[in-house]
Number of protein chains: 2
Amino acid sequence: MKKPSKKPVTLADIAAQAAVTPMTVSRVINGNGYVHAETRERVLRVAREMNYRRNGLARGLKRQRTETVGMVIGDIANPFAAELSRGVREVLEEHGYTLFICISEHNPKEDVQAFNSLADHRADGIIVATRASKTGNERLEELIESGVPVSLIGRDFRHAHADLVTADHLKGGYEATRHLIQLGHKRIGFIGVSLTQGLRLRRFQGYLEALNEHGLTVDEKLIVGGRENAEQMPGYSTEEMGCDGMLKLLELKERPTAIFARNDFTAMGALNAIKRSGLRIPEDIAIVGYDDIPLAAHTSPTLTTVRQPTREQGRTAAEFLLGRIEGDREQPRCERTFQCELVVRESTIPLTEASVTQTRKRQKKTA
Amino acid sequence: MKKPSKKPVTLADIAAQAAVTPMTVSRVINGNGYVHAETRERVLRVAREMNYRRNGLARGLKRQRTETVGMVIGDIANPFAAELSRGVREVLEEHGYTLFICISEHNPKEDVQAFNSLADHRADGIIVATRASKTGNERLEELIESGVPVSLIGRDFRHAHADLVTADHLKGGYEATRHLIQLGHKRIGFIGVSLTQGLRLRRFQGYLEALNEHGLTVDEKLIVGGRENAEQMPGYSTEEMGCDGMLKLLELKERPTAIFARNDFTAMGALNAIKRSGLRIPEDIAIVGYDDIPLAAHTSPTLTTVRQPTREQGRTAAEFLLGRIEGDREQPRCERTFQCELVVRESTIPLTEASVTQTRKRQKKTA
DNA sequence: TTCGGGTAGGTTAACGTTAACAGAAACGGT
DNA sequence: ACCGTTTCTGTTAACGTTAACCTACCCGAA
């Protein structure tokens, strides 16, 4: 006896069928208040039979919270973002919240739209993992000030009432670079930023700092790959950036002996460009990536990279957010910075005199 | 004069401030009905000053639609899913709909939860891009029958009132395999399924069909990699599956001369396992992947693979869904199957007698 | 002058749920 | 027998928005 019901079943429908008031049904569904065992059974049976589903809109409207959290991500295909979202979900689920994800495609306009959508639909809080932008930050500030709980991950933006989770990429970049320096490298290229825009990228600052502290001069020709408008270019992937950037570096008269790439995808692009040119890794050129994506352990050679505790960052951001949602929304900012860890694999080995000479020979051949 | 307002601003607040009724404010905000130009300006000014944001819950409750679409994805880090979601978003945005994404982590239970969350929050429709499962399909059927518009992508499940978009993976798998056969390969391995479970995977069926049609026997020893419970194993990535599977194949007395991998990640895992063992690609072992993810053009050697029109699938699914939402929800199923395309790159070349002998020699050395 | 139609706005009542309160019955202790 | 407490259920009034209906004015045509 199934009806091809058009309108969804409401509490009132169940109430009528079970000969009680909607309020009683509500109590049964939510399991609060006193309801006689017999009544409860009857109501539950009817609800099941009618295939009842609560109306989250009405419920949210009345209760002034939706038990829903929104997360804004720049790029859905990024394993880093994926891992973050797993951490977030783990925590939210434990507390009965649902996660809805919005994608901004690294576009500030879409960023703002995502914030608005989530705010309009009254998500109880928002986790933001997109890169900072002027318009985005402005809108975010308004939201925070209007009382929406916000938790930021790795976004270069601070607000007294928005929590913040980051990893220490300055140190991460520093240690990656120092690792190469300690292996004997003096000409270390960086792929993935333009010199003008790159200063906002912490890991790049770390690179510069390491060079300076070890008395190496920064050679602008060794810094390649950041197209200013790369983010607007659809389909211009970061591995392409790594490949293109590396090719540029290989054309130099004085080639770098080591590469620090902005992230693992860029590193993999560079890695393949190097192989394609007939040079060997790590003997001819060493390479360090960033993020330690799963694939980094499965390239050949496997990739030395910098790992950040990604899932933990997601978990922490979610915990901060829940603290704000269920506690004092006006409480001062919680902030936590995670440490990164250099993971040494096969793509970096000490630079020996032998390999240097060998490189010179090859260079002549190629030229 | 900013107030640290706790409660969000409502139409009534604006109405009071602008000396009109909430209804008039509603008309201004939504731009329908007659409102005097002066009044409109005044209301808009007040709304802006008070930083008004419509309450999507109340609005949705009253209008019985939220202009929101949910999409359920198995794995957020998958470039294929990412591209799908881009296509979906493109279309939705044109029509003023917002996309919320739920992740099921390839877990049927989470799948059902995602369906429920979206239905409870009254998304106007749901796009499902997760793998079929018993519980998932059951719940989906209930939803569809209760009138929720549903559009499926590549899910092995049919319903008279749910639209369906797929690519012809049977043919894709067939052509990938035939390509290898035409290159002269006779021992072609498949990585990524267990024989028992694999029959549901269309591309694997295509593989079997191609072998049969060309008079090659299917050797069970050449089919590896599908752990029955791989999906429940957290952190067991598909590239790991490719690597492990390949290692198993390399141990065989009679090694395959070509590999067809379930997807590009698996192929990359296999590719690196082969390199690590000292064999060459494609001379010693040829390899074909599936999906044509961006990285496939940047491995070394670049990867021969099967491309499916991913973004188009997303777009079509979204168009079907909107047709159902804005048109007749009971209309018969729309169905569209896209064709796949073999993309030949460097990882496959003709198998020559020379390379066969060479392989034999190497095999002796290794052994 | 009357009438039709466009313009400008207000009034009412829902959408589905639940917080808050209220009434009544049942129970246990003195 | 009486009173306080626990159990069970019902009533009312919101939450914020908008569809539907209604009133009133103004303007030009008949």
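In every chain, residue numbers begin from 1 and rise along the written sequence. Each chain is given a letter, starting from A, and each ligand a number, starting from 1, according to the order in which they appear as written. Per-residue local features are limited, in this predicted model, to residues with pLDDT of at least 70; the limit for side-chain atom pairs, both in listing and counting, is 80 or more; totals at the level of whole chains, interfaces and linings are taken over all residues. Values reported for side chains reflect all heavy atoms of the structure, with hydrogen atoms and water molecules removed beforehand.

Scanning chain A for helices and strands turns up 13 helices and twelve strands. Its C-alpha atoms give chain A a radius of gyration of 27 Å, more than 25% over the compact-globule value 21 Å for 367 residues. With the C-alpha coordinates aligned to their principal axes, the bounding extent of chain A is approximately 90 × 45 × 30 Å. Looking at the 367 residues of chain A, the share that counts as buried comes to 54%. Should any heavy atoms of two residues lie within 4.5 Å, those residues are counted as being in contact. Excluding contacts between residues fewer than 6 apart, the proportion of contacts in chain A whose partners are at least 24 apart in sequence is 73%. Carbon together with sulfur atoms contributes 51% to the accessible area of chain A, which is approximately 16800 Å² in total. Mean positive and mean negative side-chain charge positions of chain A (53 and 48 charges, respectively) differ by 4 Å. Every helix listed is a DSSP run of H or I at least four residues long, and every strand listed is a run of E at least two residues long, numbered separately from the N terminus. For this measure, only C-alpha atoms enter the radius of gyration; the expected value for a globule follows 2.2 Å times N^0.38, where N is the number of residues. Type-normalised accessible area, obtained with a 1.4 Å probe on protein chains alone, sets the label of each residue: buried when under 20%, exposed when over 50%, and partly exposed for intermediate values. Only the protein chains shown count as cover for residues, and the accessible areas themselves come from Shrake-Rupley with a 1.4 Å probe. Positive charges come from Lys and Arg alone, negative charges from Asp and Glu alone, with His and the N- and C-terminal ends not counted. Charge positions come from single atoms, namely NZ of Lys, CZ of Arg, CG of Asp or CD of Glu.

Right, let's talk about the relation of the copies chain B and chain A for a bit. Each copy of the sequence occupies a distinct position, and chain B is placed on chain A by a rotation of 180 degrees and an axial shift of 0.1 Å, giving an RMSD of 0.1 Å. Here the transformation between the copies is reduced to the relation of a two-fold axis. Here 100% of the interface residues in chain B have copies in chain A that are interface residues too; the copies meet face to matching face. Superposition of the copies used a least-squares fit over C-alpha atoms from residues whose pLDDT is at least 70 in both.

This paragraph deals with the protein's contact with DNA strand D. Any residue with a heavy atom lying within 4 Å of a molecule or strand is counted as near it. By nearness alone, 24 residues border DNA strand D, and Y34 and T39 of chain A together with L11, Y52 and R59 of chain B come closest of all. At the protein interface, 65% of the atoms of DNA strand D within 4 Å belong to sugar or phosphate. At a separation of 2.6 Å, a phosphate oxygen of DNA strand D approaches a polar side-chain atom of T39 of chain A. Polar contacts, as used here, are pairs of N or O atoms within 3.5 Å; protein pairs need one atom able to donate a hydrogen and one able to accept it. Residues neighboring in sequence count only if both atoms are side-chain atoms. Take N30 of chain B: an N or O atom from its side chain is 3.2 Å from a phosphate oxygen of DNA strand D.

Residue and element names in this part refer to chain A. To pair, rings of Phe, Tyr and Trp, with the six-membered ring standing in for Trp, must have centres within 6.5 Å; the planes then decide the type, stacked if under 30 degrees apart, edge-to-face if over 60, and tilted in the middle. This structure, assessed with the given rule, holds twelve aromatic pairs over all chains. Seen in terms of ring centroids, F190 and Y207 are 5.1 Å apart; in terms of plane orientation they differ by 55 degrees. Their pairing is tilted. Within this pair, whereas F190 is found in strand 6 (residues 188–193), its partner Y207 is found in helix 9 (residues 202–213), the two being separated by 17 residues in sequence. We classify F190 as buried; its relative accessible area is 0%. Centroid distance F204 to Y207: 5.7 Å. Interplanar angle 20 degrees. Geometry classified as stacked. Of this pair, F204 and Y207 both sit in helix 9, three residues apart, roughly one helical turn. On the basis of relative accessibility, which here comes to 0%, the residue F204 falls in the buried class. Given the relative accessible area of 1%, Y207 is considered buried. One aromatic cluster is present, built from ring pairs that chain together F190, F204, Y207, F260 and Y290. Ring-over charges, as used throughout, are those where CZ of Arg or NZ of Lys falls within 6 Å of the ring centre and within 35 degrees of the ring normal. Geometry around Y290 places R203 over its ring, the cationic atom sitting 4.0 Å from the centre.

It is common to give the size of an interface as the accessible area lost on bringing the parts into contact. Counting residues at the interface gives 62 residues for chain B, matched by 62 residues for chain A. Summing both sides of the interface, chain B and chain A together bury roughly 5700 Å²; the carbon and sulfur share of this comes to 50%. Note on terms: buried area is the combined drop in 1.4 Å-probe accessible area of two parts once they are placed together, counting the loss on both. Its largest share of buried area at the contact with chain A, chain B owes to L57, I76 and H298 of chain B, together 13% of the area lost on that side. When a carboxyl oxygen of Asp or Glu is within 4 Å of a side-chain nitrogen of Lys or Arg, the pair counts as a salt bridge. Remark: the boundary between chain B and chain A carries ten salt bridges.

Residues T24, V25, S26 and V28 of chain A constitute the buried set of helix 2 (residues 22–30) of chain A. G31 of chain A sits one or two positions beyond helix 2 of chain A and adopts a positive phi of about 65 degrees.

All names here are of chain A. Burial analysis of strand 2 (residues 98–103) places six of its six residues in the buried class, which makes it a mostly covered element. Judged by which residues are buried, strand 2 turns out to be covered on both faces: T98, F100 and C102 on one side and L99, I101 and I103 on the other are all buried. A pair of strands is labelled paired if DSSP reports no fewer than 2 bridges between them. Pairing geometry for strand 1 (residues 68–73) and strand 2, over six bridges, is parallel. Looking at strand 2, one finds that G70 is bridged to F100. For the handedness criterion, the strands are oriented away from the viewer, and a crossover whose path from the first strand over the helix to the second runs clockwise is classed as right-handed. Traced from strand 1 through helix 5 (residues 79–94) to strand 2, the parallel crossover comes out right-handed.

Let us now look at the nonpolar core. Counting residues in hydrophobic clusters, the biggest one holds 96 residues, and the most contacted among them are I101 and Y207 of chain A together with I101 and Y207 of chain B. Those residues within four positions of Y207 of chain B in sequence are excluded, and the remaining contacts are G173, Y174, T177, I188, G189, F190, I223 and F260 of chain B. For the purposes of this section, nonpolar cores are sets of buried Ala, Val, Leu, Ile, Met, Phe, Trp, Tyr and Cys residues that join through side-chain atoms within 4.5 Å. Counting residues in each nonpolar core, the second largest holds 48 residues, with A261 of chain A together with V224, A267 and A270 of chain B among its members.

In the vicinity of DNA strand C, 24 residues are found, and the nearest of them are L11, Y52 and R59 of chain A together with T24 and Y34 of chain B. A share of 67% is what sugar and phosphate atoms reach among the atoms of DNA strand C within 4 Å of the protein. In this structure, a phosphate oxygen belonging to DNA strand C sits 2.3 Å away from a side-chain N or O atom of Y52 of chain A. A distance of 3.4 Å separates a base nitrogen of DNA strand C from a polar side-chain atom of K62 of chain B. For the surface near DNA strand C, the secondary-structure elements that each account for two or more residues are helix 2 and helix 4 (56–63) of chain A together with helix 2 (22–30) and helix 4 (56–63) of chain B.

Before going further, it helps to examine the side chain of T266 of chain A. Counting through the fold element by element, T266 of chain A comes out in helix 11 (residues 264–276). Residue contacts for T266 of chain A: discarding those within four places in its chain leaves I191, T238, M241, G242 and A261 of chain A.

Residue and element names in this part refer to chain B. Here we have four strands laid out as an open sheet, ordered 7-6-8-9, and parallel in their pairing. The strands lining the two open edges of the sheet, one partner per strand, are strand 7 (223–225) and strand 9 (286–288). Taken pair by pair, the neighbouring strands of this sheet meet at an average axis angle of 25 degrees, ignoring direction. All axes are obtained by fitting lines to C-alpha atoms, using only the stretch in contact for helices, and the reported angles, taken between N-to-C directions, cover 0 to 180 degrees. Lying over the sheet, helix 11 (residues 238–250) contacts strand 6 (188–193), strand 7 and strand 8 (258–261), oriented at roughly 140 degrees with respect to strand 6.

Note that an α-helix has 3.6 residues per turn; residues three or four places apart therefore point the same way. All names here are of chain B. For helix 6 (residues 108–120), built from 13 residues, the straight-helix expectation of 18 Å at 1.5 Å per residue is met to within 8% by its first-to-last C-alpha distance of 18 Å. In terms of residue burial, helix 6 counts as a mostly covered element, since ten of its 13 residues are buried. Buried within helix 6 are the following residues: E110, D111, V112, A114, F115, N116, S117, L118, A119 and D120. One side-chain oxygen of the residue at the start of helix 6 lies 2.8 Å from the amide nitrogen of K109, identifying that residue as N107. In a helix, the anticipated span is given by 1.5 Å times the number of residues less one.

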